[in-house]
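# Tertiary structure, described
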Amino acid sequence: MMDIPAANQIQTPSEPWAGQNGWSPASPQAAPYSTLPSLKHLNLGSPSDHRACVEHLHQPSQGCQNDNTFPLRNNACHSAPQAYHADQSVQQNFLDAHVSPMVPSACQERIIPPCSLPLRNEGIQPRKPFQMPFYSPYSPYQAISPPFQPSYTHQESLNGPQSPRQKHPSYGQCVGQGTQISPQPSFNREASAGYVHNQSTPTSPINQQPQWMLQQHSGGHTTQFVPSEAVQDGSFTPQSPNSESRYGLDPELLPSAVKVLAEDRAEWEGKLFVSEPFSRLPPLATTSCVVEDRGSASPCAIRATSYCVPCEGQTALLSRLPMGALVTPLAKQNAGEPLPVVTESECVMGCGWCGASMCPAMSWQDCGQRFYCPFCGKLSEVPWQHYQPTKGVEGLRVDKDKRPELSLGSYEILSSQKGEPAALLLAIDVSASALRGGHLEFTTQQILTLLASLNREDGEDSSDIRVGLMTYDSRIHLYDLSPTLSRPHMLVITETEELQLPVREGLLVSLKDCIDGIDSVLQLIPQFGPESDASDGVPMELPVKAGLSVLQALNCPGKLLIFHTAPLIETDHTNSPSGFFGSNKPKSIFQPSEPVVSLAKQCVSQGCGVHLFLLSQQDVGGAWPGHIPYLTGGALHTYSHLQGELDRERFSTDLKSITETDGGFKAELRMFVSKDLRVSGCYGLYIPGQTPSQVSMASLDVFTTLAVELAHTRAVDETRGVAIQTVLSYSTQTGDRRTRVHTLTLRCSRHLQDTFRQYQAQTLLTFFCKKIYCAVLERPLQELREELQTDVTEALASYRKHCCSASVSAGQLVLPQYLRALPVYINSLRKSEVLLPGLRSSVHQRLQQRCQVLSMDTCSTCRHFYPLLLSLPLSVDSSDPPDPEEALRCSSASLEPRRLYLVHAPFTLLLWVGTEVPASTLVELFNTSCFASLPSGETKLPFLENPLSISVQSLISRLNSQAPRARKLWVVKQGDTCEEALQRHLVEDKSPNGGASYADFLYHLHVNSVRLLQ
């Protein structure tokens, strides 16, 4: 049972930032004035089109609780001050840039205030947007687009050039460059309202505005804007052209993602979060806190998109935001604490109808003889071996606190059946290209060092891991490592089309029994002579097929590590019509070929995770070898060459990380949801099966995360809530078969505003990323970018209409409390290299980035799309070491020429050096006093005996430990040619690939969301 408070009884956290920008929480109230037309007065299609979507909603009496309301300008139509309660809305003042309303004929007599956003300076001439109503074919607000006559010609788009087939600009496109507004507007100051209002012509969508500056009133109740003298005399100079808005918006006044993270850390850092059924919104994924399991899974394992599920499907559709969860089955708990383990014979059996495991969401009846399953709605009998009576009114079993399956949201079941332990199979390229490249000696030395560390534990040989070794060129060389042999025997297989293993014994041997034999073989491999001088490539499937055959012959899972140097080529399938041009079906560059998918499916069924090390830079074009590694839970590791010290260090770190990382093999993931819901989609790096609720994976690790989308089948019972359960069956490294169960219980509500206020921007970013990056296999990129912007725009419009009953003008941007950072996240996703390729981004780089991001968890995904920008100290006088929590906004306006900055992303680490950094700082950090002599590009900082060098090195080591893989440090000097690498990470600016700035994107979101309601 669950009590849902009324809308006017919801407890909201205090807002420490509520009094910013000069307004007071105790603002006087005024008569409410609705400045937006109601949907029932607009001609948006037939009444039946929208009646079903809105009439069933119970509108709450209070509006805009915990909202972020950004007032942009005061309307000329009414001079009474607008009322905003401190516990209901938060105001942040923008400057004006107007959008002409498009009002249908049914409400032309209404006076609609123009939409306004803040202009930054007078030097930039804002351009008129294309005057068109917002239209989406699946919009819940608009079914028929009224005709219009464009006044201006579209010349540009928000993100690069448009498709030639596009006949009209979409929302998110900019205006023509050639149009200038000749008449200069006059300005009037209305002291009664506390704002400056611009008397502009009603037909002008955008008018040139002066620069405005914040000026605090003595009383602090309202904020008045006055023209800036620097702008009036034309002396204002923008800090950076990349951070400027084409509409003159001041980026500093926009919602800040850095501030959102800082507020969440201040509330939860190092504190205890209790995860229990119907619990409140958890801390962000980037905040470190202690989670206590009291019957609901930790947000590290299951993180719902919204912690309040709509009771009805129409309400969920009206929100335009996804309903689902992010699942990380093997996520680490607090400080790596293991989950409670119960044996299969002692665990209370789950539902016999649907197969769900026992969890606290099950309710007991008949004194504990039967239990109700929320996932199928049926009753199951309890075996007499596991029977215990119930107590109390709630009907809880007397042994609840003694059984993890009855009291905890996460636990593991240890199966009585034990399988074969996982093996480690090494495949080394010995082709002519590899022998000439000079990589084999270093590679074999690193493998020997790795095996020696695995074999040694406290000075004793106690490793039971089984290891196999093979080499290949155009043929396969297997090695019999049986300890009974005096030396290993080489077995050569020349027929590679259909591999037949001559022997099985000795191919996989315990490491402690074959360490000497492997040592002798690895020392001889660099001395091999090439069998031919041909420089032809090696088929990319050859070493995978050979390794898979070995694992299949011995019926065990494992990791296949391939060390490759020669050019990779695809196997010729001349008789197969599955090539890129062999079918009329639309193809994508991201789609793997059918033979590759077929081979990956065999690896999944056997539990073979492939890790491919490319030891030399491959030529641009040709086959991309990363499909099989990523589809099997492995990864692709590329190195330009292994002659340099940086690449060698990264190779050693990657090799050690792969073998030491805990994970699972031959995994089956099943997902269960309440009987009134269903799993409608699952997105991640895996091969889709017949149903989205069941996923098969060859291997997975602690970072593997899937996005699960849910949909309503009928109305949900508000008193029971919603339960989500994931059941992962997998094999461990030692061969134990385990089942990990995570159960999350959420509350339900019939009010749409409750659902909106339980969303988190980081969760939505990760969900959208996984869903869209999976959709690129079949859909055009332009269509996906437009659909993403459509969903977010309609979500803002829905929140504005159904959750804001207070007087909100059309010039005010309204965002839910925990979605302030969503626009900047979505814009970063839209202009990523995967969805919007740049001139210098190759196909292989985009394929690699897509798979890398799909394999990341929520924390790493957020760091990828909004990196950490840190300011470093300049001298030893700064006693405090640099704090990774004190981040800056990812904009060029945050960079000062006299300082040092560190950019931290999951796969990138950049050190930016300004031209005016003191020479003493350069000496202490780089051991040189000349800025021109600083190294640029990939480099390694020298270890110097001074406090500044020690603190920076410590910070870099700490950040590298948080990264999912090894990284190289890039030193970027201000004004250098490699500064473009930094520009790609300043996501609030205009990106080098043509992506819009954060300010421009937010402008279009606001404008189009207001147009939806007109």
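Residues numbered from 1 in each chain as written. Predicted model: local features only at pLDDT ≥ 70, side-chain atom pairs only at ≥ 80, totals over all residues. Heavy atoms only, no water.

### What to know about the overall build of the protein chain
Per the secondary structure count, the protein chain includes 22 helices and 42 strands. Relative to its 1014 residues, the protein chain shows a buried fraction of 58%. A fraction of 73% describes how many contacts in the protein chain between residues 6 or more apart in sequence connect residues 24 or more apart. By element, 49% of the accessible surface of the protein chain is carried by carbon and sulfur atoms, the whole surface being about 41900 Å². (Helix = DSSP H or I, 4+ residues; strand = E, 2+ residues; numbered from the N terminus. Buried < 20%, exposed > 50% of the residue type's maximum accessible area, 1.4 Å probe, protein only. Contact = heavy atoms within 4.5 Å. Areas by Shrake-Rupley, 256 points an atom, 1.4 Å probe, with all protein chains shown as cover.)

### Some words on the nonpolar core
Counting residues in hydrophobic clusters, the biggest one holds 140 residues, and the most contacted among them are Tyr 773, Leu 902 and Leu 911. In terms of residues, this core owes the most to one element, helix α14 (residues 761-775), which gives 10 residues. Leaving out residues up to four positions away in the same chain, Leu 902 has contacts with Leu 868, Leu 869, Leu 870, Leu 872, Leu 909, Leu 910, Leu 911, Leu 955, Ile 956, Leu 959 and Leu 969. Judged by nonpolar contacts, the second largest core, of 34 residues, contains Val 309, Val 679, Leu 706 and Val 716. (Core = buried A, V, L, I, M, F, W, Y, C linked by side-chain atoms within 4.5 Å.)

### Some thoughts on the packing of α14 against helix α16 (residues 822-830)
Viewed as axis vectors pointing N to C, α14 and α16 meet at an angle of 20 degrees, and their least axial separation amounts to 9 Å. When the interaxial angle is binned, α14 and α16 end up roughly parallel. For α14 against α16, the interelement crossing comes out right-handed. Between α14, through Ala 761, Gln 762, Leu 764, Leu 765, Phe 768, Cys 769 and Tyr 773, and α16, the contact on the second element is made entirely by Leu 822, Tyr 825, Ile 826 and Leu 829. Residue classes in the contact of α14 with α16 are distributed as 10 nonpolar, one polar and no charged. (Axes fitted to C-alpha atoms, helices over the stretch in contact; angles between N-to-C directions. Parallel < 35°, antiparallel > 145°, perpendicular 65-115°, else oblique. Left-handed = near helix turned anticlockwise from the far one by under 90°. Nonpolar A, V, L, I, M, F, W, Y, C, P; charged D, E, K, R; others polar.)

### Quick word on the pattern of salt bridges
All chains considered together, the criterion is met by 29 salt bridges. Between Arg 650 and Asp 647 there is a salt bridge, with the nearest N and O atoms lying 3.2 Å from each other. Placement of the pair is Arg 650 and Asp 647 together in helix α12 (residues 645-660), with a separation of three residues, close to one helical turn. You can call Arg 650 buried: its relative accessible area is 12%. (Salt bridge = Lys/Arg side-chain N within 4 Å of Asp/Glu carboxyl O.)

### Let's talk about the packing of aromatic side chains
Enumeration over the complete set of coordinates arrives at 14 aromatic pairs. Centre to centre, the rings of Phe 442 and Phe 651 are 5.8 Å apart; their planes meet at 50 degrees, and the pair counts as tilted. Of the two residues, Phe 442 sits in helix α7 (residues 440-455) while Phe 651 sits in helix α12, which places them 209 residues apart along the sequence. Both residues of the pair, Phe 442 and Phe 651, count as buried. When the centroid spacing of 5.0 Å and the interplanar angle of 15 degrees are considered together, the rings of Phe 563 and Phe 613 count as stacked. (Phe/Tyr/Trp six-rings, centres within 6.5 Å; stacked < 30°, edge-to-face > 60°.)

### Some thoughts on the sheet that holds strand β38 (residues 887-888)
As summarised here, the arrangement of the six strands in space is β38-β37-β39-β40-β42-β41, forming an open sheet in which the pairing is mixed. Sheet topology places β38 and β41 (937-939) at the edges, where each strand pairs with a single neighbour. Sheet topology note: the β41/strand β42 (residues 969-973) ladder contains three bridges and is antiparallel. Looking at β42, one finds that Thr 939 is bridged to Leu 969. Against the sheet, helix α19 (residues 919-926) makes contact with β39 (900-905), β40 (908-913) and β42, and its axis sits at roughly 145 degrees relative to β40, the strand it touches most. (Pairing = 2+ DSSP bridges.)

### What about the sheet that holds strand β14 (residues 379-381)?
Here three strands make up an open sheet; going across it, the order is β12-β13-β14 and the pairing antiparallel. In this open sheet, the two edge strands, each paired with only one partner strand, are β12 (363-365) and β14. Taken pair by pair, the neighbouring strands of this sheet meet at an average axis angle of 35 degrees, ignoring direction. As paired elements, β12 and strand β13 (residues 370-372) share three bridges and run antiparallel to each other.

### Focus: helix α10 (residues 594-606)
Look at α10: 19 Å from first C-alpha to last across 13 residues, which is about the 18 Å you get at 1.5 Å a residue. The set of residues buried in α10 consists of Val 596, Leu 599, Ala 600, Cys 603, Val 604 and Gln 606. The buried side chains of α10 occupy one side of the element, clustering within an arc of 165 degrees when seen end-on. Contacts from the buried residues of α10 go to α9 (542-554), β28 (608-614), α11 (627-631), β30 (663-673) and β32 (694-701). (Expected span 1.5 Å × (residues − 1). Arc of directions from axis to C-beta.)

### Considering the packing of α7 against helix α8 (residues 511-524)
Across the interface, α7 lies against α8 with an axial gap of 10 Å and an inter-helix angle of 170 degrees. In terms of orientation, α7 and α8 fall into the roughly antiparallel class. In contact with Thr 444, Ile 447, Leu 448, Leu 451, Leu 454 and Asn 455 of α7, α8 contributes Leu 511, Lys 512, Ile 515, Ile 518, Asp 519, Leu 522 and Gln 523. Residues that form the contact of α7 with α8 fall into these classes: eight nonpolar, three polar and two charged.

### Describing the side chain of Gln 760
With respect to the helices and strands, the residue Gln 760 is situated in the loop between α13 (752-756) and α14. Reaching out from Gln 760, the side chain makes a polar contact with the side chain of Arg 303 at a distance of 3.3 Å. Not counting residues up to four positions away in its chain, the partners in contact with Gln 760 are Leu 281, Pro 282, Pro 283, Leu 284, Arg 303, Thr 305, Tyr 818 and Leu 819. (Polar contact = N/O pair within 3.5 Å; in protein donor to acceptor, adjacent residues only side chain to side chain.)

### Comments concerning unusual backbone geometry
The phi angle at Phe 278 is positive, at roughly 60 degrees, despite the residue not being glycine. Looking at the element boundaries, Phe 278 is found in the loop between β6 (272-275) and β7 (290-293). Even without being glycine, Asp 366 reaches a positive phi, approximately 55 degrees. For Asp 366, the location among the structural elements is in the loop between β12 and β13.

### Side note on the environment of Leu 561
Within the secondary structure, Leu 561 sits in strand β26 (residues 558-564). Taking C-alpha positions, Leu 561 is 6.2 Å from Val 610, a pair spaced 49 residues apart along the chain.

### Some remarks on the pairing of β26
On a regular strand, each side chain points to the face opposite its neighbour's, so the side chains alternate between the two faces of the sheet. Within β26, seven of the seven residues are buried, which leaves the element mostly enclosed by the surrounding structure. Taking every second residue as pointing to the same face, both faces of β26 are buried, with Gly 558, Leu 560, Ile 562 and His 564 on one and Lys 559, Leu 561 and Phe 563 on the other. Inspection of the sheet shows strand β18 (residues 423-429) paired to β26 by six bridges, in the parallel sense. Across the sheet, residue Ala 423 finds its bridge partner in β26, namely Gly 558. Sheet topology note: the β26/β28 ladder contains seven bridges and is parallel.

### Comments concerning the environment of Gly 975
With respect to the helices and strands, Gly 975 occurs in the loop between β42 and α21 (980-983). Using a relative accessible area of 66% as the deciding quantity, one classes Gly 975 as exposed.

### Some points on helix α20 (residues 947-962)
Helix length check: α20 (16 residues) gives 23 Å between terminal C-alpha atoms against 22 Å at 1.5 Å per residue, within 8%. Along α20, the residues that are buried comprise Leu 948, Ser 949, Ser 951, Val 952, Gln 953, Leu 955, Ile 956 and Leu 959. The secondary structure elements touched by the buried residues of α20 are β37 (868-872), β39, β40, α19 and β42.

### A look at the side chain of His 564
Within the secondary structure, His 564 sits in strand β26. For His 564, a relative accessible area of 1% gives the class buried. There is a polar contact of 2.5 Å between the side chain of His 564 and the backbone oxygen of Ala 566. Beyond its immediate stretch of four places on either side in the chain, His 564 contacts Asp 429, Tyr 472, Val 538, Leu 612, Phe 613, Leu 614, Leu 615 and Ser 616.

### Some details on the confidence of the model for the protein chain
Close inspection of predicted coordinates is inappropriate for parts of the model with low pLDDT. When pLDDT is averaged along the protein chain, the result is 76, and 71% of the positions lie at 70 or above. Note on residues 159-239: pLDDT is under 50 here. Beyond four places in sequence and across chains, it has 211 contacts. (pLDDT = per-residue confidence, 0-100.)

### Brief notes about the environment of Leu 560
Of note, Leu 560 is situated in strand β26. According to the relative accessible area criterion, Leu 560 is buried, its value standing at 0%. As for Leu 560 and Pro 629, which are separated by 69 residues in sequence, their C-alpha atoms are 9.4 Å apart. When residues no more than four places from it in sequence are discounted, the contact partners of Leu 560 are Leu 425, Ala 427, Met 470, Pro 543, Val 544, Gly 547, Cys 608, Gly 609, Val 610 and His 611.

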